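# Analysis of the macromolecular model
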Amino acid sequence: MALRPVQVNIKALDAPAVGRFWAEALGWSAYSPGVTTYVGPAGGPVWPDPVAVCVDVVPVPESKTTTKNRVHIDLATTSAAHQAELVARLQALGATPVNVGQGAVPWTVLADPEGNEFCVLEPREIYRDTGPIAAVVVDCEDPRAMARFWDEALDWTLHEVTDDRTVLRSARGVGPYLEFLRTPGAKTVPDRVHLDLLPYPDDSKAAEVARLRALGATHLDLGQGDVPWTCLADPEGHEFCVLAQS
């Protein structure tokens, strides 16, 4: 029994517009199968995608606060020229430069049209085969504690565990990394961005939720009502959802 990340869930006032931004940013396509806008590789919606961790933009009535998101996306580039071109193209699409205290770093920090922060990385060999999303990055207080929980929660492989960073990736060596970075300060507001997880077809969603709770996850009532997914939080309070097979 194990779970796999299948999408990054982003809340937005204007989900179609934010979905179009991320589709252009990633070179993917945006689809609207219902109230959400799903962004995945071109060629028609495949869910779950066998390689990519996709993006699902969900409409909400509240705008983002000024607090920095504790979950964000890092975009991969293949050269300095590609990084510069991508940053320029993203700004033309409506992204804005933001200062989150990063100082003088080789990557560029931007925000999407509704203020969700993300990074355009300088070329790094480790991300050469991830696709457009290099990593989903989570700020945390204790990367080692996150390693203990998420290594058991997912069927992904643990690549690195230090006091400052924990890194996981699909056991098949495809798609983006999941990284937990030590960041000062506890979580204080609900995450605007979170991961959605999916059981495998032969696994029971209820059993997976029970297993996660035994590992230290807690149930969350976000006003979601009677829905087919289950909202949980990891031991540091980061929200995530366990989806049902469609």
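Below: a short report on this structure. Since this is a predicted model, take the numbers as computed values, not measurements.

### With respect to the pairing of strand β4 (residues 54-59)
Residues in a regular strand point their side chains to alternate faces of the sheet. Examined bridge by bridge, strand β1 (residues 3-12) and β4 share six bridges and lie parallel to one another. Bridged to Val8 within β4 is Val55. By the bridge criterion, three bridges tie strand β3 (residues 37-40) to β4 in an arrangement that is antiparallel. Opposite Tyr38, over in β4, you have Asp56 as the bridge partner.

### Quick notes on the pattern of salt bridges
The tally for this structure, following the rule as stated, stands at 14 salt bridges. The residue Glu114 makes a salt bridge to Arg192 at a minimum N-O spacing of 3.9 Å. Taken together, the residues Glu114 in the loop between β7 (108-111) and β8 (117-120) and Arg192 in the loop between β12 (177-182) and β13 (193-199) connect sequence positions 78 residues apart. The pair formed by Glu114 and Arg192 is uniform in burial state, with each residue classed as buried. Across the pair Glu160 and Arg165 runs a salt bridge whose closest N-O atoms are separated by 3.2 Å. Glu160 gets classed as partly exposed once you look at its relative accessible area, which sits at 30%. In this structure Arg165 comes out as partly exposed when scored by relative accessible area, which is 22%. Within the structure, one salt-bridge network assembled from shared partners comprises Glu160, Arg165 and Glu179.

### Describing helix α1 (residues 15-26)
An ideal rise of 1.5 Å per residue puts 16 Å on 12 residues; α1 measures up with 16 Å between its terminal C-alpha atoms. A positive phi of about 75 degrees marks Gly27, the residue just after α1.

### A closer look at the sheet that holds strand β5 (residues 71-75)
Within the open sheet, the eight strands sit side by side as β6-β7-β8-β5-β9-β12-β11-β10. Their pairing is mixed. Only two strands of the sheet have a single neighbouring strand rather than two, namely β6 (96-97) and β10 (157-161). Where helix α3 (residues 143-153) meets the sheet, its contacts fall on β9 (133-140), β10, β11 (165-169) and β12, and the angle it forms with β11 comes to roughly 25 degrees.

### Quick look at the packing of aromatic side chains
What the rule picks out here adds up to eight aromatic pairs. When the centroid spacing of 5.4 Å and the interplanar angle of 85 degrees are considered together, the rings of Phe21 and Trp22 count as edge-to-face. Across the pair, exposure class does not vary: Phe21 and Trp22 are buried alike. Members of the aromatic cluster, each reached through a chain of ring pairs, are Phe149, Trp150, Phe180 and Phe240. Residue placement shows Arg4 over the ring face of Tyr200; its charged tip is 4.1 Å from the ring centre.

### Here's the deal with empty space enclosed by the protein
Applying the stated criterion across every chain yields a total of two cavities of 30 Å³ or more. Of the voids in this model, the largest cavity is the one considered here, and its volume is about 70 Å³. Along the walls of the largest cavity sit Val71, Val136, Val138, Trp150, Phe180, His194, Leu195, Asp234, His238, Glu239 and Phe240, which together make up its complete lining. Of all the elements in the fold, those that place two or more residues in the lining of the largest cavity are β9, β13 and β16 (239-242). Tallied by class, residues from the lining of the largest cavity come to seven nonpolar, two polar and two charged. Forming the walls of the second largest cavity are Ile10, Trp22, Val71, His72, Ile73, Asn116, Glu117, Phe118 and Val193. Here the lining of the second largest cavity takes three residues from β5, the largest share from any one element. Here the residues of the lining of the second largest cavity sort into six nonpolar, two polar and one charged.

### Looking at the layout of surface pockets
Roughly 1,200 Å³ of internal volume is contained in the largest pocket. Lining the largest pocket are 46 residues, with Asn9, Lys11, Val58, His194 and Cys241 sitting closest to its centre. At the level of secondary structure, the elements contributing two or more residues to the lining of the largest pocket comprise β1, β4, β13 and β16. Of all the elements, β1 adds the most residues to the lining of the largest pocket, at three residues. Grouping the constituent residues of the lining of the largest pocket by class yields 20 nonpolar, 14 polar and 12 charged. Of the voids in this model, the second largest pocket is the one considered here, and its volume is about 420 Å³.

The rules behind each value
- Residues numbered from 1 in each chain as written.
- Predicted model: local features only at pLDDT ≥ 70, side-chain atom pairs only at ≥ 80, totals over all residues.
- Heavy atoms only, no water.
- Pairing = 2+ DSSP bridges.
- Helix = DSSP H or I, 4+ residues; strand = E, 2+ residues; numbered from the N terminus.
- Salt bridge = Lys/Arg side-chain N within 4 Å of Asp/Glu carboxyl O.
- Buried < 20%, exposed > 50% of the residue type's maximum accessible area, 1.4 Å probe, protein only.
- Expected span 1.5 Å × (residues − 1).
- Contact = heavy atoms within 4.5 Å.
- Axes fitted to C-alpha atoms, helices over the stretch in contact; angles between N-to-C directions.
- Phe/Tyr/Trp six-rings, centres within 6.5 Å; stacked < 30°, edge-to-face > 60°.
- Lys NZ or Arg CZ within 6 Å of the ring centre and 35° of its normal.
- 1 Å grid on protein atoms, 1.4 Å probe; cavity = no way out; pocket = protein on both sides within 12 Å on 5 of 7 lines; lining within 4 Å.
- Points joined across faces, edges and corners; volume = space filled by probe spheres on them.
- Nonpolar A, V, L, I, M, F, W, Y, C, P; charged D, E, K, R; others polar.

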